[in-house]
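Observations on chain architecture
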Amino acid sequence: MKTTDTPPADTPPADATGEGPPVSKEAPAPVPQEKGTGRALNIFSHGFLVLWAFMVVLPLLWAVMTSFKTDKDIFGSPWSLPDTLHFDNWSRAWTSANMSDYFLNTIIVVGCSLLGTMLLGSMAAYVLARFEFPGNRFIYFLFIGGMSFPIILALVPLFYVMQNLSLLNTLPGLILVYIAYSLPFTVFFMTSFFRTLPTSVAEAAFVDGASHTRTFFQVMLPMAKPGLISITIFNFLGQWNQYMLPTVLNTEPDNKVLTQGLVQLAVSQGYKGDWSGLFAGLVMAMLPVLAAYIVFQRQVVQGLTAGALK
């Protein structure tokens, strides 16, 4: 009589294939991250940012502080706070040094050139981004080539072109030059931005009977508002601080812009410069730039990250 050996009670039965139960493999425990390395990296990055902010803010604060000092205090104690706020430095720079005229000329030139740059640049970028036609990529790369072309190499031929067109030493001529100077980067930036916008909205507008012009101005352009604000700020900074182009193409004293006025103020008294008035004029030139960035800093960041987020 054969007897079958019964397996022990604690042994699991074999499966239908005769093999034993599957062996469970536990996942290895995660290796704990080194907290010391992350903390040291955070301390280093925050310390670097604080140092960088200090290096940027300190010259600005020193310039503002110096604009309220006298020339004697500037050279005698350059790092001390002014004993008395000399607001006459600002009034002297505004009236006697003709900073008011330079300021007005700069607002006219930069305002008109920004309007023309954004209008022409956004229209060109929209066509290059949304429509396929022979020569599309060639025109796009022409704009890219304009970004890499040094402006100093074009000053001499540009001077003679402006002279032949009777636009030399005129504000309209300087406006046209600023527009041509800012168009390549504007088209490059806005072309990439228009490509990230959804095409379904434009197609719906076409189905409803909207023309290309109406679709661009009423549908696509409002959707590109973050990119428009960002590139407007960049163009404003570049055109407001432009010195080389107006120095060569705009030598008429009545048409000089703010950067030329600051240089004129620095050499107005020969070897004895009006340093307090110069710092006052410098702060005047910086205030619109700082105000524009402080007001629109959130829109600038949104415009730069919109393409990446989509």
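Residues numbered from 1 in each chain as written. Predicted model: local features only at pLDDT ≥ 70, side-chain atom pairs only at ≥ 80, totals over all residues. Heavy atoms only, no water.

This next bit is on the packing of helix α5 (residues 136-148) against helix α7 (residues 171-196). Running from amino to carboxyl end, α5 crosses α7 at an angle of 130°, the nearest separation of the two axes being 7 Å. Here α5 lies oblique to α7, going by the angle between them. Classified by chirality, the crossing of α7 by α5 is left-handed. In this structure, α5 contributes Arg137, Tyr140, Phe143, Ile144, Gly146 and Met147 to the contact, and α7 contributes Leu183, Pro184, Phe185, Val187, Phe188, Thr191, Ser192 and Arg195. Looking at the contact of α5 with α7 residue by residue, the classes come out as nine nonpolar, three polar and two charged. (Axes fitted to C-alpha atoms, helices over the stretch in contact; angles between N-to-C directions. Helix = DSSP H or I, 4+ residues; strand = E, 2+ residues; numbered from the N terminus. Parallel < 35°, antiparallel > 145°, perpendicular 65-115°, else oblique. Left-handed = near helix turned anticlockwise from the far one by under 90°. Contact = heavy atoms within 4.5 Å. Nonpolar A, V, L, I, M, F, W, Y, C, P; charged D, E, K, R; others polar.)

As a further point, take unusual backbone geometry. Positive phi, close to 60°, is recorded for Ser166, a residue that is not glycine. The backbone of Asn169 sits at a positive phi, close to 60°, despite the residue not being glycine. Here Asn169 falls in the partly exposed class, since its relative accessible area comes to 22%. (Buried < 20%, exposed > 50% of the residue type's maximum accessible area, 1.4 Å probe, protein only.)

Turning our eyes to something else, we now look at the pattern of salt bridges. Where charged atoms from two side chains of opposite charge come close, those side chains can pair. Taken as a whole and judged by the stated rule, the model has one salt bridge. Between Arg92 and Asp88 there is a salt bridge whose closest N-O contact spans 3.7 Å. One end of the pair is Arg92 and the other is Asp88, both in helix α3 (residues 88-95) and four residues apart, which spans about a single turn. Residue Arg92 is classed as partly exposed on the basis of its relative accessible area of 26%. By relative accessible area, Asp88 is classed as partly exposed at 40%. (Salt bridge = Lys/Arg side-chain N within 4 Å of Asp/Glu carboxyl O.)

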